[in-house]
Amino acid sequence: MFRTGLLVVFICLLGFSVSAQSRIVEISTNYGDMRFELYDDTPKHQKAFIELANQGYYDGTLFYRVIENFLIQGGSKSSRNAPPGKRIGYGDPDKTVDDEILDHYFHKKGSLCAPRQPDEVNPFKQSDISQFFIVKGSVHTSGALDTMEMAVNIPIRKKIVEKYMTPEVREQLKQLKEEKKVKEFRELAGEIKDNIETDYNLNPNTLEFSDAQREAYTTVGGYPELDGKYTIFGECISGFDVIDKIAALKTDGNNRPYNDVKIKVNVIK
């Protein structure tokens, strides 16, 4: 009886977890269909995207910005029935959503993301949910990721070192060394080193890829340069080949495919 009761409880809990699963949407195109899981911990984006999808807002729009090894972007209402060669701009400024940029999501291949206006005019990083982009990216080597980290971190550390290793401090250290004041030299040098390390470790702009990021970027690929800059509110669960097909299309000077890629979005559950 006890084991049976536990089994019933387990099944009930399992049923609850299934019912609480993230929403699924299908983005259909004339090049094939893609399905995406929308994350539950980006509720503002999930809600807004589903509402617009149910209204048919995205239907008939185009993937109008396609850059191989980077992204495919679509959904803008100005792309609907746009004549060939027309430059298509931003979406609807009335359909913005507060950012939900979360550290545990990153721009691996298949990530469903919300574009936004630049920081200069949009300092709070509000998303333009009237359109969306899907990451294509490319596969990176571990060494390439190391180089990205160094390119960001070395200038940060250099600036911090300059903050504490002023000409006056260097002269003081030099004098202590010449006077063979080993204890005083070590105390001052240790204090400076501790200050440098503390400032560096607390700096929010340093870059260190997590194990999950490294695993994704060196296998399925993606575009790590975008991490922390845009809200990622879902990921592809089927149709990766469609992303590849669209990303490989020939485009004009505005990155718009010569052959229109029409969109229809359906909420599956």
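Given the structure is predicted, the values throughout are model-derived calculations rather than measurements. (Residues numbered from 1 in each chain as written. Predicted model: local features only at pLDDT ≥ 70, side-chain atom pairs only at ≥ 80, totals over all residues. Heavy atoms only, no water.)

**Considerations on the overall build of the protein**
Part 1 of the reasoning: When helices and strands are counted, the protein shows seven helices and ten strands.
Part 2 of the reasoning: Across the 269 residues in the protein, those meeting the buried criterion constitute 39%.
Part 3 of the reasoning: Counting only contacts in the protein whose residues sit at least 6 apart along the sequence, the fraction spanning at least 24 positions is 74%.
Part 4 of the reasoning: If you sum the accessible surface of the protein, you get close to 15,500 Å²; carbon and sulfur atoms cover 54% of it. (Helix = DSSP H or I, 4+ residues; strand = E, 2+ residues; numbered from the N terminus. Buried < 20%, exposed > 50% of the residue type's maximum accessible area, 1.4 Å probe, protein only. Contact = heavy atoms within 4.5 Å. Areas by Shrake-Rupley, 256 points an atom, 1.4 Å probe, with all protein chains shown as cover.)

**Focus on the domain arrangement of the protein**
Part 1 of the reasoning: One can read the domain layout of the protein as domain 1 (23–138 + 221–268) and domain 2 (142–202).
Part 2 of the reasoning: One C-alpha centre belongs to domain 1, the other to domain 2; they are set 44 Å apart. (Domains from an automatic or database assignment.)

**Describing the pattern of salt bridges**
Part 1 of the reasoning: Evaluation of the coordinates by the stated rule reveals 16 salt bridges.
Part 2 of the reasoning: Glu 235 is the partner of Lys 108 in a salt bridge, and the nearest nitrogen-oxygen pair spans 3.4 Å. Here the residue Lys 108 occupies a position in the loop between β5 (96–97) and β6 (111–114), and Glu 235 occupies one in strand β9 (residues 231–238), the gap between them amounting to 127 residues.
Part 3 of the reasoning: Residue Lys 108 is classed as partly exposed on the basis of its relative accessible area of 22%. (Salt bridge = Lys/Arg side-chain N within 4 Å of Asp/Glu carboxyl O.)

**Considerations on the environment of Ile 232**
Part 1 of the reasoning: Summarising the element assignment, Ile 232 is placed in strand β9.
Part 2 of the reasoning: Residue Ile 232 is classed as buried on the basis of its relative accessible area of 3%.
Part 3 of the reasoning: Distance from Ile 232 to Cys 113, taken between C-alpha atoms, is 4.3 Å for residues 119 residues apart in sequence.
Part 4 of the reasoning: Those residues in contact with Ile 232 that lie beyond four places of it in its chain are Tyr 39, Thr 42, Tyr 105, Phe 106, His 107, Ser 111, Leu 112 and Cys 113.

**Digging into the nonpolar core**
Part 1 of the reasoning: Judged by nonpolar contacts, the single largest core of 31 residues is most densely connected at Ile 27, Tyr 58 and Phe 63.
Part 2 of the reasoning: Ranked by residues supplied to this core, first place goes to helix α2 (residues 43–54) with five residues.
Part 3 of the reasoning: Counting residues in each nonpolar core, the second largest holds ten residues, with Ile 156, Met 165, Ile 192 and Tyr 200 among its members. (Core = buried A, V, L, I, M, F, W, Y, C linked by side-chain atoms within 4.5 Å.)

**Let's talk about the packing of helix α3 (residues 142–164) against helix α5 (residues 182–202)**
Part 1 of the reasoning: Axis separation between α3 and α5 bottoms out at 10 Å; the angle between their running directions is 140°. Regarding the angle of α3 to α5, the classification is oblique. Classified by chirality, the crossing of α5 by α3 is right-handed. Facing α3, whose interface residues are Asn 153, Ile 156, Arg 157, Ile 160, Val 161, Lys 163 and Tyr 164, α5 presents Ile 192, Asn 195, Ile 196, Glu 197, Asp 199 and Tyr 200. (Axes fitted to C-alpha atoms, helices over the stretch in contact; angles between N-to-C directions. Parallel < 35°, antiparallel > 145°, perpendicular 65-115°, else oblique. Left-handed = near helix turned anticlockwise from the far one by under 90°.)

**What about the sheet that holds strand β1 (residues 23–29)?**
Part 1 of the reasoning: What the eight strands build is an open sheet, ordered β3-β4-β8-β6-β9-β2-β1-β10; its pairing is antiparallel. One side of each edge strand has no neighbouring strand; the edge strands of this open sheet are β3 (63–67) and β10 (263–267). Taken over all neighbouring pairs, the strand axes of this sheet differ in orientation by 25° on average, direction set aside.
Part 2 of the reasoning: Pairing between β3 and strand β4 (residues 71–74): four bridges, direction antiparallel. Bridging across to β4, Arg 65 finds its partner in Gln 73.
Part 3 of the reasoning: Sheet strands in contact with α2 are β1, β2 (32–38), β6, β8 (132–135), β9 and β10, and its direction is about 115° off that of β10.
Part 4 of the reasoning: Lying over the sheet, helix α7 (residues 240–247) contacts β1, β2, β3, β4, β8 and β9, oriented at roughly 120° with respect to β2. (Pairing = 2+ DSSP bridges.)

**Here we look at the packing of helix α4 (residues 167–178) against α5**
Part 1 of the reasoning: Taken N-terminus to C-terminus, the directions of α4 and α5 make an angle of 150°; their axes are 9 Å apart at the nearest point. What the angle tells us is that α4 and α5 run roughly antiparallel. Once α4 is placed against α5, the crossing between them reads as left-handed. Seen from α4, the contacting residues are Val 169, Gln 172, Leu 173, Leu 176 and Lys 177; seen from α5, they are Glu 184, Phe 185, Leu 188, Ala 189 and Ile 192.
Part 2 of the reasoning: The class makeup of the residues in the contact of α4 with α5 is seven nonpolar, one polar and two charged. (Nonpolar A, V, L, I, M, F, W, Y, C, P; charged D, E, K, R; others polar.)

**Re α7**
Part 1 of the reasoning: When we look at burial in α7, the residues that qualify are Val 242, Ile 243, Ile 246 and Ala 247. Taken down its axis, α7 places every buried residue within 130° of arc, on the same side.
Part 2 of the reasoning: Residues of α7 that are buried in the fold lie against β1, β2, β3, β4, β8 and β9. (Arc of directions from axis to C-beta.)

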